[in-house]
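Geometric and topological summary
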Protein chains: 2
Amino acid sequence: MTSMIRRETMGAQLGGLLRSAILSGEFEPGDAVTETGLALRFGVSRGPMREAMRQLMDEGLLVTVPYTGTRVLQLTSTDIDDIYSMRICLEIFAFEQIWARRDQAFREALLARHHALLSAIDAGDDIRSIDAELDLHGLAYETCANGILLTSWGAIRARLQLYWAAHHRAHGIMGPKRESHDDYVRLALGDSCEQMKDEIRDHMRRGLGKTMAFVASIEAEKAETNRRMT
Amino acid sequence: MTSMIRRETMGAQLGGLLRSAILSGEFEPGDAVTETGLALRFGVSRGPMREAMRQLMDEGLLVTVPYTGTRVLQLTSTDIDDIYSMRICLEIFAFEQIWARRDQAFREALLARHHALLSAIDAGDDIRSIDAELDLHGLAYETCANGILLTSWGAIRARLQLYWAAHHRAHGIMGPKRESHDDYVRLALGDSCEQMKDEIRDHMRRGLGKTMAFVASIEAEKAETNRRMT
DNA sequence: CGGTCGCAGATTGTCTACAATCTTGCTGCT
DNA sequence: AGCAGCAAGATTGTAGACAATCTGCGACCG
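Residues numbered from 1 in each chain as written. Chains lettered and ligands numbered in written order. Predicted model: local features only at pLDDT ≥ 70, side-chain atom pairs only at ≥ 80, totals over all residues. Heavy atoms only, no water.

Right, let's talk about the relation of the copies chain B and chain A for a bit. Mapping chain B onto chain A leaves a residual RMSD of 0.0 Å; the transformation is a rotation of 180° accompanied by 0.0 Å of translation along its axis. Both copies of the chain, as the preceding transformation shows, are related through a two-fold rotation axis. The C-alpha atom lying nearest the rotation axis in chain B is that of Ser 152 of chain B; the distance is 3.2 Å. Comparing interface residues between copies, 100% of those in chain B also sit at the interface in chain A, which points to an isologous, same-surface contact. (Least-squares fit on C-alpha atoms with pLDDT ≥ 70 in both. Contact = heavy atoms within 4.5 Å.)

What follows deals with the domain arrangement of chain A. Accessible area lost upon the coming together of the parts is a frequently used measure of interface size. Residue and element names in this part refer to chain A. Taken domain by domain, chain A consists of domain 1 (10-72) and domain 2 (77-224). Residue-level contacts link ten residues of domain 1 with eight residues of domain 2. Roughly 750 Å² of surface becomes buried between domain 1 and domain 2 when both sides are summed, with 65% attributable to carbon and sulfur atoms. Broken down residue by residue, the surface that domain 1 buries against domain 2 is led by Leu 23, Glu 59 and Leu 61, which jointly contribute 56%. Applying the counting criterion to the domain 1 and domain 2 interface returns two residue pairs in polar contact (both at pLDDT 80 or more). Grouping the constituent residues of the side of domain 1 that touches domain 2 by class yields five nonpolar, three polar and two charged. (Domains from an automatic or database assignment. Buried area = accessible area lost by both parts, 1.4 Å probe. Polar contact = N/O pair within 3.5 Å; in protein donor to acceptor, adjacent residues only side chain to side chain. Nonpolar A, V, L, I, M, F, W, Y, C, P; charged D, E, K, R; others polar.)

Take the UniProt feature "domain: HTH gntR-type" (unreviewed entry) in chain A next. In the numbering used here, UniProt assigns the feature "domain: HTH gntR-type" (unreviewed entry) to residues 8-75 of chain A. Counting secondary structure, residues 8-75 of chain A comes out at 53% helix and 15% strand; the distance between its end C-alpha atoms is 32 Å. (UniProt positions renumbered as here; feature names shortened; annotations may be inferred. Helix = DSSP H or I, 4+ residues; strand = E, 2+ residues; numbered from the N terminus.)

By size, the foremost hydrophobic cluster in this structure holds 129 residues, and its most contacted members are Leu 18, Met 49, Leu 90 and Phe 95 of chain A together with Leu 18, Met 49 and Phe 95 of chain B. Dropping the residues within four chain positions of it, Met 49 of chain A is found in contact with Leu 14, Leu 18, Glu 35, Leu 38, Ala 39, Phe 42 and Val 44 of chain A. (Core = buried A, V, L, I, M, F, W, Y, C linked by side-chain atoms within 4.5 Å. Buried < 20%, exposed > 50% of the residue type's maximum accessible area, 1.4 Å probe, protein only.)

Let us look at the packing of aromatic side chains. The tally for this structure, following the rule as stated, stands at six aromatic pairs over all chains. Residues Phe 95 of chain B and Tyr 184 of chain B carry aromatic rings whose centres are separated by 6.0 Å and whose planes lie at 85° to one another, so their mutual orientation is edge-to-face. On the criterion of sequence distance, the pair formed by Phe 95 of chain B in helix H4 (residues 77-98) and Tyr 184 of chain B in helix H8 (residues 182-188) is long-range, its members being 89 residues apart. You can call Phe 95 of chain B buried: its relative accessible area is 1%. Judged by centre distance (4.3 Å) and plane angle (5°), the ring pair of Tyr 141 of chain B and Trp 153 of chain B falls under stacked. Of the two residues, Tyr 141 of chain B sits in helix H6 (residues 126-144) while Trp 153 of chain B sits in helix H7 (residues 147-171), which places them twelve residues apart along the sequence. Considered together, Tyr 141 of chain B and Trp 153 of chain B belong to a single accessibility category, that of buried residues. Connected via pairs of aromatic rings, a cluster forms that spans Phe 95, Trp 99 and Tyr 184 of chain A. The ring of Phe 42 of chain B has Arg 41 of chain B sitting right over it, with the charged end atom 4.5 Å from the ring centre. Taking the ring centre of Trp 99 of chain B as reference, the NZ or CZ of Arg 102 of chain B above it sits at 3.6 Å. (Phe/Tyr/Trp six-rings, centres within 6.5 Å; stacked < 30°, edge-to-face > 60°. Lys NZ or Arg CZ within 6 Å of the ring centre and 35° of its normal.)

Another point: the interface of chain B and chain A. On the chain A side, the residues contacting the 22 residues of chain B number 22 residues. Summed over both partners, the interface of chain B with chain A buries about 1,900 Å², with 61% contributed by carbon and sulfur atoms. Contact with chain A buries surface across chain B, with Arg 54, Met 86 and Ile 148 of chain B losing the most and accounting together for 32% of the total. Between the two partners, chain B and chain A, sit six salt bridges. (Salt bridge = Lys/Arg side-chain N within 4 Å of Asp/Glu carboxyl O.)

In structure tokens:
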């Protein structure tokens, strides 16, 4: 197990693998995960596994309580609300920062990512569609090249991906609509920053509505389970 | 070394101690720190020490390169610029979020923290003044109770504290002025959110100017050293 | 004299074993 | 029957030894 890839520490690679495992639904939100279990699952020792789990804890995908256990992040409606309001703030900030220096490379990258999103939707691959949608939105953050902003976006992105992936598994096909980002891309390449900011607000409001409805259904279901238990 | 405090993991306690050590100037920005050295320094093994260092890496106070070493964050002017623009965005967002639900507890807490700041300034304790100023600003973030926002503020706060503490040691007494937050507190308790937002922008602009001048002097000095070396 | 190869030291990465802590289910008492 | 206390299992926390990797200096060669 010592000779596979180089140039990156084992813990970091494991972090990627574990994130994929969580987002692909191998572990549901609320599931307990253990260091030993995952270490066995990936064929490594607890040390690097611990490092990987710590990384996902920072992203917010895992929550741990000392000496007790670690679980996959559980969805709550207040979290969703916090995330979306925060995301409006940050994405508007990102576009304000980059608006004046959108160059040819930016335009091409945006169109490329939009194309990737459309391809994923046409292929009917919902998991890849979710990834592509977040990649599309991520371009503005990446272009800022602001370390703290990127970290915040990473935390937001991880949570959104977790929610949407769970949503997809629970309710079947429910990826982004094909025309959902036409306005976003058009205005992002346009001349009016104010119009773009309005579009972001609208876009988020729509997303919040859909996600919130899902989380509410999950919470109702859980409350039902709890009631039945007592 | 096993029986000191309970209810909190050793790594977390070490994180606090190490942060204090860095901010108090025991390690200067750019200094190399080693796991073994710090473990010896604090009388623990490398395991918990590693956990503590990882925590500070997440906050941004330490930067590490695999298999090579770890150093205290080095100041750059682009970082300062990023931090302040980000901080304007987030602090305005925080006040927008809490504006309608500022209650009596909030007002009392704000005045209490302002009082603590004034006491620290009057006592001539610059380190405590820096801490108190950041506590004062932190109230808005804490009142939001938004996990991602708090994490972002933590990263910003750690960097600011690092810069200002280094500033203080380099140029002697240079803590916040006694009247520097009168407007901030008055408007935060006032009726106009727009005026408060303008105050935040002004406040940050002033802070950015001072900090930037300091960082520029540091960079000039470092360039001079580099030139002399070659 | 300049450049390149290689070795030694230092540092982080990884592994295994052991200790501290929490949870859970059972047992015995009231 | 219900509850208190305890014991066993599980899980994370901690320790120390060993391996992989990087950096820098010095010797050797052109």
